[in-house]
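Structure assessment
Now for the letters of each chain:
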Amino acid sequence: IEGDLSKAEVPSNSTDYEDLLHGLGMLEELKAGLRSGDWKTRTSFSGKMQVLLAQCEDIVQSKAKPQTIIFSESVVLITEIKRVFDARRWRSVVYTGNCNQEQKSAAVRTFGTDTTCTFILMSIKAGGTGLNLGMARNVIIYDTGWNPAALKQAEARAHRASSKEEVHVFKYFIPGTLDEQQY
C-alpha cells in the first residue's frame, strides 16, 4: 500500500481495517529488522515463530527426525527462518521463486538424500504442481496466501497415493485475524 494511510477513509466498522494496518506495520518492522541485521542478535520472536521453533526443536530432538516441509507465502520470512535455523545449526534448504532451476533441483535432491537435512523451506507459489516431496512426514503451513488451491497444492507435495506413510499437516494461524477466516 502506498500513500498516506492516515488520510484513508475508514469504514464504519473499522476493526478489520485497523487490524490490517497494524499487521502491515508489523510486516514493515520485520523487513526493517532484516535489513538492519537485527536477526543476528534477536532473542525474542513473534508468537507464531516461537511455536514454529518449539515444534522444530521437538523434530530435531526426536529419534526419527522426520523430514518437514515449511511453507510460507513470504520469501522474506523464509529468509528469516533460514537464518534462525542456521544459527541453531538445524540443516535446511530453501526452495523459492528466487532460486534458479539448478538451485531448486539441488534443494530437492539434498532434502531427499541427505539424512542430516530435516527441513525444506518453501514459498507456497514455488512449491507448485509436479513437485514430489513424498519423503516428508510433516508439512507446516506457517502463513497462508489468499489462494486456497495453492494451499492444497502445497499440502499435496508430501501426500502420494501410493504411500502408506502418515503425513501430518500443521496450519499456523492467530485467532481473531484474517488467517483464521481462511480455515
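Reference entry: report on the structure contained in this document. Predicted model, so just to flag it, every value in this text is computed and none were measured.

**Topic: the nonpolar core**
Ranked by size, the top nonpolar core spans 22 residues in total, and within it Ile69, Phe71, Tyr95, Phe111, Ile120, Met122 and Leu133 carry the most contacts. Looking at this core, the elements with two or more residues in it are strand 1 (68–72), strand 2 (92–95), helix 4 (101–113), strand 3 (119–123), strand 4 (138–141) and helix 5 (148–156). Counting 19 residues, the second largest nonpolar core, distinct from the first, contains Ile59, Val60, Leu77 and Leu121.

**As for the pairing of strand 1**
Burial runs high along strand 1: 5 of the 5 residues are buried. Taking every second residue as pointing to the same face, both faces of strand 1 are buried, with Thr68, Ile70 and Ser72 on one and Ile69 and Phe71 on the other. Note: strand 1 against strand 3, 5 bridges, orientation parallel. Across the sheet, residue Ser72 finds its bridge partner in strand 3, namely Ser123. Relative to strand 4, strand 1 runs parallel, the two sharing 4 bridges. Bridge pairing in strand 4 places Ile70 opposite Ile140.

**A short note on the side chain of Asp143**
Mapped onto the elements, Asp143 comes out in the loop between strand 4 and helix 5. The buried charged residue Asp143 lacks any salt bridge partner; its closest oppositely charged side chain belongs to Lys48, at an N-O distance of 5.8 Å. Within polar-contact distance, the side chain of Asp143 engages the side chain of Ser72 at 2.7 Å. Only 2.8 Å separates the side chain of Asp143 from the backbone nitrogen of Glu73, close enough to count as a polar contact. When residues no more than four places from it in sequence are discounted, the contact partners of Asp143 are Lys48, Phe71, Ser72, Glu73, Ser74, Leu77 and Ile124.

About the thresholds
Residues numbered from 1 in each chain as written. Predicted model: local features only at pLDDT ≥ 70, side-chain atom pairs only at ≥ 80, totals over all residues. Heavy atoms only, no water. Core = buried A, V, L, I, M, F, W, Y, C linked by side-chain atoms within 4.5 Å. Buried < 20%, exposed > 50% of the residue type's maximum accessible area, 1.4 Å probe, protein only. Helix = DSSP H or I, 4+ residues; strand = E, 2+ residues; numbered from the N terminus. Pairing = 2+ DSSP bridges. Lys, Arg positive; Asp, Glu negative; His and termini not counted. Salt bridge = Lys/Arg side-chain N within 4 Å of Asp/Glu carboxyl O. Polar contact = N/O pair within 3.5 Å; in protein donor to acceptor, adjacent residues only side chain to side chain. Contact = heavy atoms within 4.5 Å.

Geometry only, nothing functional implied.
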